[in-house]
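# An overview of the molecular structure
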Amino acid sequence: MDELDLIRSFRADVPGPSVAATARADRAWRPGAGRRRSPRRGARFAAAVAAVAAVAAAALVIPSADDGGLGAGSARAAEVLRRAAAEVSGLPRALAPGEYWYVRRNTTWTTGVEGERAGAYTAMGLEIREEWTAADGTRRWTTRQAGPLRFPSAGDRARWEADGRPDLTPPPSEDRTRTGFHVGIREYRYEQLLDLPRDPRALYERFRDAAVRCRCGNGVDDQSFVVAVELLYTAPLPTDLRAATLRAIALIPGIEQRAERDILGRPGVGVAYEGSEGRQALIFDPATHELLGERSGAGGGSVDVASGIVDSPTARP
Amino acid sequence: MTRGHRLLETRFARWHLAPREPPPGVRESTGVSLLHAADRSRDRGDASAIAASLESPAAFAVVFERHHPSVHRYLSRRIGTDLADELAAETFAVAFAKRGRFDTAVQDARPWLFGIATKLAHRHWRREERELRAYARTGVDAVSPGSDEGVAARADSAAAGRALAAALAALSADERDVLLLYAWEQLDQPEIAVALSIAPGTVKSRLHRARAHVRESLAAAGELDPMRPENHG
């Protein structure tokens, strides 16, 4: 199998056009069809909503009011991370076969919508996600939404109302998947993950290497931070590896200590990386140095509200 | 896409990139395009239908019925079903409007139609790349939720789809155009040159570069044996 074979099989099972889409398209070319550019009314809106993940991310960097201005300082940020590493909690040991690591996570999401009857606006919501991850890389997860839509400004709310108050809240969802564990774009088996070095410098080099390989268009330090945070938030790392990851993040040039609040509004000490188009931060409890949550820009972020080892993908600790 | 948005996007993407509501309307199967493409005849009489449509516009329906499913699938694979619905329709509206300029010495309308579709899709290349990267990170593909298994079955590796998504996202939009028309639609290099209105030499160099980039990315991700001799197919 070469790369062309792989490309040919990539997304080979997309559905064909629906009967309705075919009929609309057929009308669109026929003479007298009128305006041909938008054969489907509402398509633009639907597409905007469908692309929320991307659109939201690209369109939104809301200035945070939480900049406490503790001042730049990689050294101070590194000190926060070292203290956090010393006090790290969470999964106490590697998962055994048949066990699941349960996490309940509250995540704020932000979406940019190109309104059909009003201008573009931004809406936010809160998702409660429960996830069970096994050592073989399988996951079960459920999501539901909590509370009403929120808006970053009165203008956003007004445009949403003018747009007919569309329901942007995603439906509850549930799935079982095998997503594996990732360091950057490379998938690891759990045993390989557990074999990651505990030496902060060596682990940092792994993150950096993954960042270079990603060719994601970001700076290497920028991407190294992303790789490390993603690992923290997606893999059931035993405490020694979590601690090593925090110590490795301390070695990423350009990290800064800043005052941040988590999405629940709790004040904390942030370790942030200011990227070309936004800031991502880990937020720690100022007293205990426990990891409270993470934020991306001011609109998005998450906090873990419960976690533990359970013996089935439906059980809670 | 930039780093600052990544985590937000990932977090947010989870609910959205996960299994989607079935789209409205009845889905009809159009078969697998690989077979469709391999099986296609070079002479389907597109030229005569297009020539006839200059006198009798309804004759263009033959071209539409013959090619709309594959143009839609191509767009859908690149930018998702929602946009494919819109842009596939627009492709044929544009083609119909410009049919007087179609070179009827060429029997097969596919290069012409896929050229129009590709140029329309170009408006959305940023979205295309964002969704490829989201797929690479999360393992969940917004464009084709089932495609991970599809690739995995063929590649014996669930990571192959993600690695490939990352590799395709890292290409320039121009390189991706050439590579996907070549690999998915099996247009040959002269046809791609016609489709994209670029020189045949440019097609060759873009294709070479795109394949090399993808091989390199896949090898780095452990999904392709870097020692394997190059296939110039």
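A brief look at the structure comes next. (Residues numbered from 1 in each chain as written. Chains lettered and ligands numbered in written order. Predicted model: local features only at pLDDT ≥ 70, side-chain atom pairs only at ≥ 80, totals over all residues. Heavy atoms only, no water.)

### Observations regarding the overall build of chain B
Helices and strands together make up the secondary structure of chain B, namely 12 helices and zero strands. Mapped from its N terminus to its C terminus, chain B presents α and β elements in the order α-α-α-α-α-α-α-α-α-α-α-α. Taken over 233 residues, chain B has a buried fraction of 60%. When contacts within chain B are restricted to residue pairs at least 6 apart in sequence, those whose partners lie at least 24 apart make up 69%. Surface exposure of chain B reaches about 8,700 Å², of which carbon and sulfur atoms provide 55%. (Helix = DSSP H or I, 4+ residues; strand = E, 2+ residues; numbered from the N terminus. Buried < 20%, exposed > 50% of the residue type's maximum accessible area, 1.4 Å probe, protein only. Contact = heavy atoms within 4.5 Å. Areas by Shrake-Rupley, 256 points an atom, 1.4 Å probe, with all protein chains shown as cover.)

### Digging into the layout of surface pockets
All names here are of chain A. Volume-wise, the second largest pocket comes out at about 590 Å³. As for the second largest pocket, its lining consists of 33 residues, of which Gly-90, Trp-101, Arg-242, Asp-304 and Ser-307 are closest to the centre. At the level of secondary structure, the elements contributing two or more residues to the lining of the second largest pocket comprise strand S1 (100-114), strand S2 (120-134), helix H9 (220-234), helix H10 (239-249), strand S10 (291-296) and strand S11 (300-310). For the lining of the second largest pocket, the class distribution of residues is 16 nonpolar, seven polar and 10 charged. When we break the lining of the second largest pocket down by domain, the ones giving at least three residues each are domain 1 (3-95 + 180-300) and domain 2 (100-177). (1 Å grid on protein atoms, 1.4 Å probe; cavity = no way out; pocket = protein on both sides within 12 Å on 5 of 7 lines; lining within 4 Å. Points joined across faces, edges and corners; volume = space filled by probe spheres on them. Nonpolar A, V, L, I, M, F, W, Y, C, P; charged D, E, K, R; others polar. Domains from an automatic or database assignment.)

### Observations regarding helix H10 (residues 173-183) of chain B
Structural remark: α-helix, 3.6 residues per turn; residues separated by three or four positions point the same way. Judged by how many residues are buried, H10 of chain B sits mostly within the fold: 10 of 11 residues are covered. Among the residues making up H10 of chain B, those that are buried are Ala-173, Glu-175, Arg-176, Asp-177, Val-178, Leu-179, Leu-180, Leu-181, Tyr-182 and Ala-183 of chain B.

### Section: the pattern of salt bridges
Taken as a whole, this structure holds 31 salt bridges over all chains when the rule is applied. Put simply, Arg-211 of chain B and Asp-2 of chain A hold a salt bridge, and the shortest N to O gap is 3.9 Å. Of this pair, Arg-211 of chain B sits in helix H12 (residues 200-220) while Asp-2 of chain A sits in the segment before helix H1 (3-9), each in a different chain. A relative accessible area of 5% means that Arg-211 of chain B is categorised as buried. Glu-79 of chain A is paired through a salt bridge with Arg-82 of chain A; the nearest N and O atoms lie 3.7 Å apart. Taken together, the residues span about one helical turn, with Glu-79 of chain A and Arg-82 of chain A both in helix H5 (residues 74-86) at a distance of three residues. A relative accessible area of 32% means that Glu-79 of chain A is categorised as partly exposed. Beyond isolated ion pairs, a larger network of salt bridges with shared partners links Arg-78, Glu-128, Glu-129, Arg-133, Arg-176 and Asp-177 of chain B. (Salt bridge = Lys/Arg side-chain N within 4 Å of Asp/Glu carboxyl O.)

### Some words on the packing of aromatic side chains
Any pair of aromatic rings gets described here by the distance separating the centres and the angle formed by the planes. Tallied over the entire structure, the rule returns 13 aromatic pairs over all chains. Measuring from centroid to centroid gives 5.2 Å for Tyr-74 of chain B and Phe-114 of chain B, while their planes differ by 80°, and the two rings are edge-to-face. With Tyr-74 of chain B in helix H4 (residues 61-79) and Phe-114 of chain B in helix H6 (residues 110-121), this pair connects stretches of sequence that are 40 residues apart. Neither Tyr-74 of chain B nor Phe-114 of chain B differs from the other in exposure class; each is buried. A relative accessible area of 0% places Tyr-74 of chain B in the buried class. Of the aromatic side chains, those joined through ring pairs into one cluster are Trp-29 of chain A together with Phe-60, Phe-64, Phe-92 and Phe-96 of chain B. (Phe/Tyr/Trp six-rings, centres within 6.5 Å; stacked < 30°, edge-to-face > 60°.)

### So, the nonpolar core
One broad trend across soluble globular proteins is that nonpolar side chains are buried collectively. Formed by 67 residues in total, the largest nonpolar core has its most connected members in Ile-7 of chain A together with Leu-75, Leu-168, Leu-179 and Val-214 of chain B. Discounting residues that sit within four places of it in the chain, Leu-179 of chain B has contacts with Leu-4 and Ile-7 of chain A together with Leu-168, Leu-171, Leu-207, Ala-210, Arg-211 and Val-214 of chain B. If you look at the next biggest cluster of nonpolar residues, it comprises 45 residues, including Val-103, Leu-231, Leu-232 and Ile-255 of chain A. (Core = buried A, V, L, I, M, F, W, Y, C linked by side-chain atoms within 4.5 Å.)

### What to know about the packing of helix H3 (residues 46-55) of chain B against H4 of chain B
All names here are of chain B. Two numbers describe how H3 lies on H4: the axes approach to 8 Å, and their chain directions differ by 140°. Relative to H4, H3 is oriented oblique. Residue-level contacts link Asp-46, Ala-49 and Ile-50 of H3 to Val-62, Val-63, Arg-66 and His-67 of H4. Here the residues of the contact of H3 with H4 sort into four nonpolar, one polar and two charged. (Axes fitted to C-alpha atoms, helices over the stretch in contact; angles between N-to-C directions. Parallel < 35°, antiparallel > 145°, perpendicular 65-115°, else oblique.)

### Notes on the environment of Ala-243 of chain A
Residue and element names in this part refer to chain A. Within the secondary structure, Ala-243 sits in helix H10. What makes Ala-243 buried here is its relative accessible area of 6%. A C-alpha to C-alpha distance of 6.1 Å links Ala-243 and Val-88, two positions 155 residues apart in sequence. Setting aside residues no more than four positions away along its own chain, Ala-243 makes contact with Ala-85 and Val-88.

### Comments concerning the side chain of Asp-163 of chain A
Relative to the helices and strands, Asp-163 of chain A is located in the loop between helix H6 (154-162) and strand S4 (173-178). Side chain to side chain, Asp-163 of chain A and Tyr-121 of chain A meet in a polar contact 2.9 Å long. (Polar contact = N/O pair within 3.5 Å; in protein donor to acceptor, adjacent residues only side chain to side chain.)

### Quick word on unusual backbone geometry
Even without glycine at this site, His-289 of chain A takes up a positive phi of about 65°. Residue position: His-289 of chain A is located in the loop between strand S9 (278-284) and S10. Here His-289 of chain A falls in the buried class, since its relative accessible area comes to 11%. The backbone of Gln-186 of chain B shows a phi angle near 55°, a positive value even though the residue is not glycine. Among the secondary structure elements, Gln-186 of chain B is positioned in the loop between H10 and helix H11 (189-196). Taking the relative accessible area as the measure of exposure, Gln-186 of chain B reaches 28% and is therefore partly exposed.

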